[in-house]
Amino acid sequence: MKEFNRAFRCEDDCTRYLYDLKWGNGYHCRRCGHEKSNKGRTCFHLRCKACGYDESVTANTMFHKLKIPLLKAFGMAFSLSVRKKGMSTSELARAFSVNQKSSWLFKRKTQEAMNSSGKYPLNSKVEVDEMLIGGPERNKRGRTKGNKKLVVIAVEKVKGKKVGRAYGAVINKASADSFRPFFEEHIDKDNAQVITDGWKGYLPLACDFDIRQKASNGGKSFPGMHAVIMNLKGWIRGIHHHCSKRFINGYLDEFFFRFNRRSFLDSIWHKLIERFMTKTPYSYIANAA
Ligand SMILES: [Zn+2]
């Protein structure tokens, strides 16, 4: 935090950081692909020498048309990535003196940036199970979900009983059709050995994935998975008193982004800002409507 505060004291510090991220390794015109530029409208713009396209450092990034100062956005991204449990929208609003709506929007944006690229699927031993999120917890057992959302979780096992990376996503029901997109995105077909409980819904996937089943024994056969689920449930209960169902996937992205980088705290914030710079601006307002 100290180091962060020393590095970023004003808007220009932040813009310069983004400038280096965007053009530090060379300029490339988005419109015509030309690689030479002149100074643009401000010192944080570059103008293409061939076609004249004048681009700001934040154009075509998730920082485009941000309603809050970059300095606050950087601080909020820092809290959301480095703090063990992140921060709720109301905590962010208070800590950074922004209104509730700005804080809510920025958090949605951050969760979108935290969405997995799907480029690094889980491999070696991968346990898969489902859990229920949201709503009251009593009187619902097994795979009937009632008002809650059904979530599929995959956890990579590394050396011994340790847990490596993990992913989760909301699914419609515990069927092969619902599992498949999640498996395709997050599990390495060629190098993963998938272990599930005895649920038959997983069996149709066995023609594409190496699936072994074993009795769950009330979760005892899957201690790593159990720990991740408890951790996730505790987090959702703790800071998200009202976790809107529509946005549960966003919360899952946020949780697993941090979880998968828990041993790389010194680079996690930078990774997040990189995502903001390279992802296409999110149309969450349109999506939420
Ligand atoms: Zn150009």
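Look a little higher up for the structure.
Not measured: the values here are computed from a predicted model.

(A) Just the overall build of the protein chain, in detail. Within the protein chain one finds ten helices and eight strands. As displayed, the protein chain has an accessible area near 15700 Å², and 50% of this comes from carbon and sulfur atoms.

(B) Broad picture of the coordination of the zinc ion. Every protein donor of the zinc ion is accounted for by C29 (SG), C32 (SG), C48 (SG) and C51 (SG), and the metal-donor separations fall at 2.3 Å. Its four donor atoms give the zinc ion angles of 104 to 116° at the centre, a pattern that matches the tetrahedral case. Taken in sequence order, the residues that donate to the zinc ion follow the motif C-x2-C-x15-C-x2-C. One end of the pair, C32, is in the loop between α2 (11-23) and β1 (37-39); the other, C48, is in strand β2 (residues 45-48), with 16 residues separating them in the sequence. The exposure class of C32 is partly exposed, given its relative accessible area of 42%. Residue C48 is classed as buried on the basis of its relative accessible area, which comes to 2%.

(C) Quick peek at the sheet that holds strand β6 (residues 162-171). The five strands lie next to each other as β6-β5-β4-β7-β8, forming an open sheet whose pairing is mixed. Here the strands that pair on one side only, and so sit at the sheet edges, are β6 and β8 (210-213). Averaged over all pairs of adjacent strands, the angle between their axes in this sheet comes to 25°, without regard to strand direction. Judged from the nine bridges that link them, strand β4 (residues 122-133) and strand β5 (residues 149-158) form a sheet pairing that is antiparallel. Across the sheet, residue D129 finds its bridge partner in β5, namely I153.

(D) Molecular detail of the nonpolar core. With 37 residues, the main nonpolar core has L18, F63, F74 and W269 as its most contacted residues. Looking at this core, the elements with two or more residues in it are α2, β2, α3 (70-82), α4 (89-96), α5 (100-114) and α9 (265-278). The leading source of residues in this core is α3, at seven residues. Ignoring any residue separated from it by four or fewer positions in sequence, one finds F74 in contact with F4, F8, C14, Y17, L18, F63, W269 and I273.

(E) Quick look at the packing of aromatic side chains. The tally for this structure, following the rule as stated, stands at 25 aromatic pairs. Centre to centre, the rings of F8 and Y17 are 5.2 Å apart; their planes meet at 85°, and the pair counts as edge-to-face. You can call F8 buried: its relative accessible area is 9%. Accessibility expressed as a relative area gives 23% for Y17, which makes it partly exposed. For the pair F106 and F276, a centre-to-centre distance of 5.6 Å together with 20° between the ring planes defines the contact as stacked. Taken together, the residues span a long stretch of sequence, with F106 in helix α5 and F276 in helix α9 at a distance of 170 residues. Connected via pairs of aromatic rings, a cluster forms that spans F4, F8, Y17, F63, F74, F78, F106, W269 and F276. Looking at R108, its charged tip hangs above the ring of F247, at a distance of 4.8 Å from the centre.

(F) Region of interest: the layout of surface pockets. Reported here for the largest pocket is a volume of approximately 1100 Å³. Lining the largest pocket are 47 residues, and of these N115, S116, S117, R261 and R275 lie nearest its centre. Breaking the lining of the largest pocket down by element, the ones donating at least two residues are α2, β6, α6 (176-186), α8 (248-259) and α9. For the lining of the largest pocket, the leading source of residues is β6, giving eight residues. When grouped by side-chain class, the residues that make up the lining of the largest pocket number 18 nonpolar, 16 polar and 13 charged.

(G) Here's a closer look at the environment of A7. Tracing the backbone shows A7 in helix α1 (residues 2-7). Residue A7 is classed as partly exposed on the basis of its relative accessible area of 43%. C-alpha of A7 to C-alpha of Y17: the two residues are ten residues apart in sequence and 9.5 Å apart in space.

Each value, and the rule that gives it
Residues numbered from 1 in each chain as written. Predicted model: local features only at pLDDT ≥ 70, side-chain atom pairs only at ≥ 80, totals over all residues. Heavy atoms only, no water. Helix = DSSP H or I, 4+ residues; strand = E, 2+ residues; numbered from the N terminus. Areas by Shrake-Rupley, 256 points an atom, 1.4 Å probe, with all protein chains shown as cover. Donors = N, O, S within 2.8 Å, 3.2 Å for Na, K, Ca; no water. Tetrahedral: all angles 85-135°; square planar, octahedral: opposite > 155°, others 65-115°. Buried < 20%, exposed > 50% of the residue type's maximum accessible area, 1.4 Å probe, protein only. Pairing = 2+ DSSP bridges. Axes fitted to C-alpha atoms, helices over the stretch in contact; angles between N-to-C directions. Core = buried A, V, L, I, M, F, W, Y, C linked by side-chain atoms within 4.5 Å. Contact = heavy atoms within 4.5 Å. Phe/Tyr/Trp six-rings, centres within 6.5 Å; stacked < 30°, edge-to-face > 60°. Lys NZ or Arg CZ within 6 Å of the ring centre and 35° of its normal. 1 Å grid on protein atoms, 1.4 Å probe; cavity = no way out; pocket = protein on both sides within 12 Å on 5 of 7 lines; lining within 4 Å. Points joined across faces, edges and corners; volume = space filled by probe spheres on them. Nonpolar A, V, L, I, M, F, W, Y, C, P; charged D, E, K, R; others polar.

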